[in-house]
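What follows is the residue order along each chain.
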Amino acid sequence: MTKQNVLISAEKNVSSSTLALTTIMSKSSSMFSSSSTSSSKPPAPQTSSSINLAITRKSLLKQLEIESGSRINAWVETMKASSPTHIKSPDAFSPTEEHRSWMVQYPSALNMFEQIIQASQGKKIVVFLDYDGTLSPIVADPDRAYMSKQMRAAVRDVAKFFPTAIISGRCRDQVYSFVKLAGLYYAGSHGMDIRGPTKGAKCKKRSDQGVLFQAASEFLPMIAEVNKALIEKTKSIDGAKVENNKFCVSVHYRNVDEKQWSLIAETVTSILKEYPQLKLTHGRKVLEIRPTIKWDKGKALEFLLESLGFGNTNDVLPLYIGDDRTDEDAFKVLRERGQGFGILVSKSPKETSASYSLQEPAEVMDFLHRLVDWKKLSNST
């Protein structure tokens, strides 16, 4: 397999205002040093240009401070928008006109099951699943996001009949420790770490160890450094949790008081200033630091389809079920390919590139059961 090109962001480390400030300070420094060499002479009187220089330096410093504060505020607003923190009253869950309109546009995959099956005629269904919020409920402690025995059985049955992959932002090994099923493909760190089944995998790139692909191995030392720095800097913030997902780092603020969110954002962004090759993204009550490369869950989906022999064919119907913003990359790929369906797991209206919706993991399990029942029936007839 050819090594993937790593595309580093072309973003500059210094803003134009910073460069201007550096130039001014440099000129100012040379002025001061030249005056110090002639100490016998009285100090030159302040001219209007030197006064203007001092004003310019002060205003630029103030501007930089304002810009930095604006970036922090923007991230806090993003954190609030993607992570609602207030418990809604029972009335808030009653269907609204907005929700009904949204459900017309993104109908339940359970209600549309027959149409999905009809679209699969003559094609091979391949199932892609997110983990948190899809196979397991969202919980306060990410280390305790266990899937139920019933869900594990449902995923196991699906994998018997369809190629099945789990694509998660978590470390691949951690996802496997939760799922504990050998017959699946696992893509951790948003698809940057992919491994296939060790047995029975009909895959072009199969080896005795299964498919193994890592898109950003050269970033591992850098990720480890950032993880260490984040643990140190956030240890004084009550409720903050840093999770090393090998190819990315997650900073969970689910249990952090909302008044401290600006401190979380400031801490993370200040550390990232030293690492221009990394970028900051967000999910549900989590900030994520990733390598700046063109790789995401959508790319992982395409890689797995190609590995299974469906890279350039119309004989496949991919189904991708996920609940988070990062799953949108996969939904978009399916729309662009004109193949398969994205299914968003959400109880509330969201902007999405998915085709259908499910409300919660319990409905995901029902959908997987229906897939298996349909396949068993079709095989028997």
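Residues numbered from 1 in each chain as written. Predicted model: local features only at pLDDT ≥ 70, side-chain atom pairs only at ≥ 80, totals over all residues. Heavy atoms only, no water.

## Brief notes about unusual backbone geometry
Thought 1: Located in the positive-phi region is serine 189, a residue other than glycine, with phi close to 50°.
Thought 2: Topologically, serine 189 is positioned in the loop between strand 3 (185-188) and strand 4 (193-195).
Thought 3: With phi around 75°, lysine 246 is a residue other than glycine that occupies positive phi space.
Thought 4: Relative to the helices and strands, lysine 246 resides in the loop between strand 6 (241-244) and strand 7 (249-252). (Helix = DSSP H or I, 4+ residues; strand = E, 2+ residues; numbered from the N terminus.)

## Comments concerning the pairing of strand 11 (residues 341-345)
Thought 1: The buried count for strand 11 comes to five of five residues, which makes it a mostly enclosed element.
Thought 2: Where burial is concerned, the two faces of strand 11 agree: the one with Phe341, Ile343 and Val345 and the one with Gly342 and Leu344 are both buried.
Thought 3: As judged from the four bridges shared by strand 10 (residues 316-322) and strand 11, these two strands associate in the parallel manner. Pairing of glycine 322 across the sheet is with leucine 344, part of strand 11.
Thought 4: For the crossover from strand 10 across helix 10 (residues 328-337) to strand 11, the handedness is right-handed.
Thought 5: Looking at chain direction, strand 11 and strand 12 (residues 356-358) are connected through three bridges and run parallel. What sits directly across from valine 345, in strand 12, is leucine 358. (Buried < 20%, exposed > 50% of the residue type's maximum accessible area, 1.4 Å probe, protein only. Pairing = 2+ DSSP bridges. Right-handed = clockwise from strand over helix to strand, strands pointing away.)

## Some details on the sheet that holds strand 7
Thought 1: Pairing within the open sheet is antiparallel, and its four strands lie in the order 6-7-9-8. Looking at the sheet topology across the chains shown, the edges are occupied by strand 6 and strand 8 (278-283). Taken pair by pair, the neighbouring strands of this sheet meet at an average axis angle of 20°, ignoring direction. (Axes fitted to C-alpha atoms, helices over the stretch in contact; angles between N-to-C directions.)

## Details of the nonpolar core
The nonpolar side chains of soluble globular proteins are, as a tendency, buried together.
Thought 1: Among the nonpolar cores identified, the biggest contains 52 residues, and Phe128, Leu230, Val268, Leu278, Ile289 and Trp295 are the most heavily contacted of them.
Thought 2: Tyr131, Ala145, Tyr186 and Val364 belong to the second largest nonpolar core, which has 38 residues in total. (Core = buried A, V, L, I, M, F, W, Y, C linked by side-chain atoms within 4.5 Å.)

## Some thoughts on helix 11 (residues 361-380)
Thought 1: With 20 residues, helix 11 extends 29 Å between its outermost C-alpha atoms, agreeing within 8% with the 28 Å of an ideal straight helix rising 1.5 Å per residue.
Thought 2: Restricting attention to buried positions, one finds in helix 11 the residues Pro361, Glu363, Val364, Met365, Phe367, Leu368, Leu371 and Val372.
Thought 3: The inward-facing, buried residues of helix 11 contact helix 4 (113-119), strand 1 (124-129), helix 5 (149-161), strand 10, strand 11 and strand 12. (Expected span 1.5 Å × (residues − 1). Contact = heavy atoms within 4.5 Å.)

## Considerations on the packing of aromatic side chains
Thought 1: Overall, the coordinates contain twelve aromatic pairs when judged by the stated rule.
Thought 2: A centroid spacing of 5.3 Å and a plane angle of 50° characterise the contact between tryptophan 102 and tyrosine 106, whose relative ring orientation is tilted.
Thought 3: Classification of tyrosine 106 by relative accessible area gives buried; the value is 9%.
Thought 4: For the ring pair phenylalanine 128 and tyrosine 320, a centre distance of 6.4 Å and an interplane angle of 20° mean the geometry is stacked. You can see phenylalanine 128 sitting in strand 1 and its partner tyrosine 320 sitting in strand 10, a full 192 residues away along the chain.
Thought 5: By relative accessible area, which is 1% here, phenylalanine 128 ends up buried.
Thought 6: Judged by relative accessible area, tyrosine 320 falls into the buried class, the value being 0%.
Thought 7: A network of ring pairs unites the aromatic residues Phe128, Tyr320 and Phe331 as a single cluster. (Phe/Tyr/Trp six-rings, centres within 6.5 Å; stacked < 30°, edge-to-face > 60°.)

## Observations concerning the packing of helix 5 against helix 11
Thought 1: Direction vectors running N to C along helix 5 and helix 11 enclose 35°, while the axes themselves pass 9 Å from each other. As helix 5 packs across helix 11, the resulting crossing turns out to be left-handed. Seen from helix 5, the contacting residues are Gln150, Met151, Ala154, Val155, Asp157, Val158 and Phe161; seen from helix 11, they are Pro361, Met365, Leu368, His369, Val372, Lys375, Lys376 and Asn379.
Thought 2: Residues belonging to the contact of helix 5 with helix 11 are distributed by class as follows: nine nonpolar, three polar and three charged. (Left-handed = near helix turned anticlockwise from the far one by under 90°. Nonpolar A, V, L, I, M, F, W, Y, C, P; charged D, E, K, R; others polar.)

## Considerations on the sheet that holds strand 1
Thought 1: Pairing in this open sheet of eight strands is mixed, and the strands run 5-4-3-2-1-10-11-12 from one edge to the other. Both edges of this open sheet fall to strand 5 (212-214) and strand 12, since each of them pairs with a single strand only. In this sheet, adjacent strand axes meet at a mean angle of 15° when their direction is disregarded.
Thought 2: Judged from the three bridges that link them, strand 3 and strand 4 form a sheet pairing that is antiparallel. Each residue of the ladder has a partner; that of tyrosine 186, found in strand 4, is arginine 195.

## Looking at the side chain of threonine 267
Thought 1: For threonine 267, the location among the structural elements is in helix 8 (residues 261-272).
Thought 2: Here threonine 267 falls in the buried class, since its relative accessible area comes to 10%.
Thought 3: Filtering out sequence-adjacent residues up to four positions away, threonine 267 remains in contact with Lys233, Thr234 and Ile237.

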